[in-house]
2 protein chains.
Amino acid sequence: MASILNLDKLDLSIVQQLMHDANVSYAEIGKKLFVSAGTVHVRIKKMQEAGIISGMNYRVDLKKLGYDVIAFIGIYLEKSSLYDVVAKDLKKIPEIVRMNYTTGNYSIFAEIVCKDIVQLRYVLHDELQKIKGIERTETFISLEESLNRSVKVAAS
Amino acid sequence: MASILNLDKLDLSIVQQLMHDANVSYAEIGKKLFVSAGTVHVRIKKMQEAGIISGMNYRVDLKKLGYDVIAFIGIYLEKSSLYDVVAKDLKKIPEIVRMNYTTGNYSIFAEIVCKDIVQLRYVLHDELQKIKGIERTETFISLEESLNRSVKVAAS
DNA sequence: ATTGAAAGAGTCTCAGT
DNA sequence: ACTGAGACTCTTTCAAT
């Protein structure tokens, strides 16, 4: 699974730029890194073909779209071997946006985005409790997101 | 904080498209939604000015860049009033990519991205334990990320 | 508010080094 | 492997409706 492709400093610096802002032009990136726009293009294409970079997403302010509640859910399973079947059911709930199979207290760690507390309560109580294999859940409602960034892979 | 701007179905459908793939052209989006590329442009501009949409990020495969370990950290504070000062210190650690102030057991819920377990151990033991105000932490290492998507804001 | 066309900017290709 | 120029595509502006 490790990187087969040898990435040099230039590659990493380009990824760093793109992670921070995907809107900067190849010419601008090149100017900062003292290479031509063509070279930047070749490197990006290479990394896209290797699956290192895969596409772009807009940053969306969910609160402004009316999604005011972000919460994290720690899920205890009856048996951890039930992971696959429970995960499959959880994926059907559109409010659940992320799921990780984790070590520690919880078997599954999920993130959920809801319009309001009423909707959160509905998903937790009516949808989650129906899923077979879930023993119990613990919910952590985010009161404030004070950081959301990408890991630093190279000097910016 | 709620959306002052009245967003209609067209706006939401456009956001939905862009959240899924920021690379589709305005013409393509328009074709799907039966409007011109110009209209798509106007709507996107309006939403950018309103801060609903703010910029683009490339999706990056962190594992292929050598970052194999994603973990979640539940942090207990000595007093929850220490949140601001602890948060400030945590932000200085580049491996920490996300932080939420939460209800429930933990005061702070953080996400961390490391190259390997050695680096994770270093951050947890040497860096985190040095921060004043942290009582103790619980770590959940992700063994598998089985879902990572955006919330559905409109019919796709 | 939406459209269609023209102008501007960026990406992509390729021959040359 | 990098460069620079030309071809191409997309974004952006704008006059008309």
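Placed above this text is the structure.
Every value quoted in this text rests on a predicted model; they were computed, and no experiment measured them.

Caption draft 1: Summary view of the protein's contact with DNA strand D. In the region of DNA strand D, the neighbouring residues are A:V35, A:S36, A:T39, A:R43, B:S25, B:Y26, B:H41 and B:K45. Between DNA strand D and A:T39 there is a distance of 2.7 Å, counted from a phosphate oxygen to a side-chain nitrogen or oxygen. Contacts to DNA strand D include B:K45, whose side-chain N or O atom sits 3.2 Å from a phosphate oxygen. Of the residues assigned to the surface near DNA strand D, the class counts are two nonpolar, four polar and two charged.

Caption draft 2: How the structure looks around the interface of chain B and chain A. Between chain B and chain A, the contact holds 68 residues from the first and 68 residues from the second. In this structure, the connection of chain B to chain A is made through four salt bridges. Elements represented by at least two residues in the side of chain B that touches chain A include exactly α1 (9-20), β1 (53-60), β2 (69-77), α4 (83-91), β3 (96-102), β4 (108-114) and β5 (134-148) of chain B. Taken together, the residues that form the side of chain B that touches chain A break down as 36 nonpolar, 18 polar and 14 charged. Bridge analysis of strand β1 (residues 53-60) of chain A against β1(B) gives seven bridges, and the strand direction is antiparallel. What sits directly across from A:Y58, in β1(B), is B:M56.

Caption draft 3: Inspection of the packing of helix α1 (residues 9-20) of chain A against helix α2 (residues 26-33) of chain A at higher detail. All names here are of chain A. At their nearest, the axes of α1 and α2 sit 11 Å apart, and the two run at 130° to each other. In this view, α1 runs oblique relative to α2, as classed from their interaxial angle. In this structure, the crossing between α1 and α2 has a hand that is right-handed. Note on element contacts: α2 touches α1 through I29, K32 and L33, opposite L10, S13, I14, Q17 and L18. Here the residues of the contact of α1 with α2 sort into five nonpolar, two polar and one charged.

Caption draft 4: A look at the relation of the copies chain B and chain A. For these two chains of identical sequence, chain B goes onto chain A by a turn of 180° and a shift of 0.0 Å along the axis, with RMSD 0.0 Å. Classification of the inter-copy transformation places it as that of a two-fold axis. Of the C-alpha atoms belonging to chain B, the one lying closest to the rotation axis is found on B:N57, 2.7 Å away. The fraction of interface residues of chain B whose copies in chain A are also interface residues reaches 100%, indicating that both copies meet through the same surface.

Caption draft 5: A look at the environment of A:S142. Within the element layout of this structure, A:S142 appears in strand β5 (residues 134-148). Once the C-alpha coordinates of A:S142 and A:D84 are considered, the two residues, 58 residues apart in sequence, prove to be 27 Å apart. Discounting chain neighbours no more than four positions away, the residues touching A:S142 are A:I70, A:A71, A:F72, B:N100, B:Y101 and B:T102. Here B:N100 takes part through its side chain, which lies 2.7 Å from a polar atom of the side chain of A:S142.

Caption draft 6: Focus on the protein's contact with DNA strand C. As a matter of local geometry, DNA strand C sits amid A:S25, A:Y26, A:H41, A:K45, B:V35, B:S36, B:G38, B:T39 and B:R43. When atoms of DNA strand C within 4 Å of the protein are split into backbone and base, the sugar-phosphate part holds 87%. With respect to DNA strand C, the backbone of A:Y26 contributes an N or O atom lying 3.1 Å from a phosphate oxygen. Elements with a contribution of two residues or more to the surface near DNA strand C: α3 (37-49) of chain A together with α3 (37-49) of chain B. For the surface near DNA strand C, the leading source of residues is α3(B), giving three residues. In the surface near DNA strand C, the residues fall into two nonpolar, five polar and two charged.

What counts and what doesn't
Residues numbered from 1 in each chain as written. Chains lettered and ligands numbered in written order. Predicted model: local features only at pLDDT ≥ 70, side-chain atom pairs only at ≥ 80, totals over all residues. Heavy atoms only, no water. Near = heavy atom within 4 Å. Polar contact = N/O pair within 3.5 Å; in protein donor to acceptor, adjacent residues only side chain to side chain. Nonpolar A, V, L, I, M, F, W, Y, C, P; charged D, E, K, R; others polar. Contact = heavy atoms within 4.5 Å. Salt bridge = Lys/Arg side-chain N within 4 Å of Asp/Glu carboxyl O. Helix = DSSP H or I, 4+ residues; strand = E, 2+ residues; numbered from the N terminus. Pairing = 2+ DSSP bridges. Axes fitted to C-alpha atoms, helices over the stretch in contact; angles between N-to-C directions. Parallel < 35°, antiparallel > 145°, perpendicular 65-115°, else oblique. Left-handed = near helix turned anticlockwise from the far one by under 90°. Least-squares fit on C-alpha atoms with pLDDT ≥ 70 in both.

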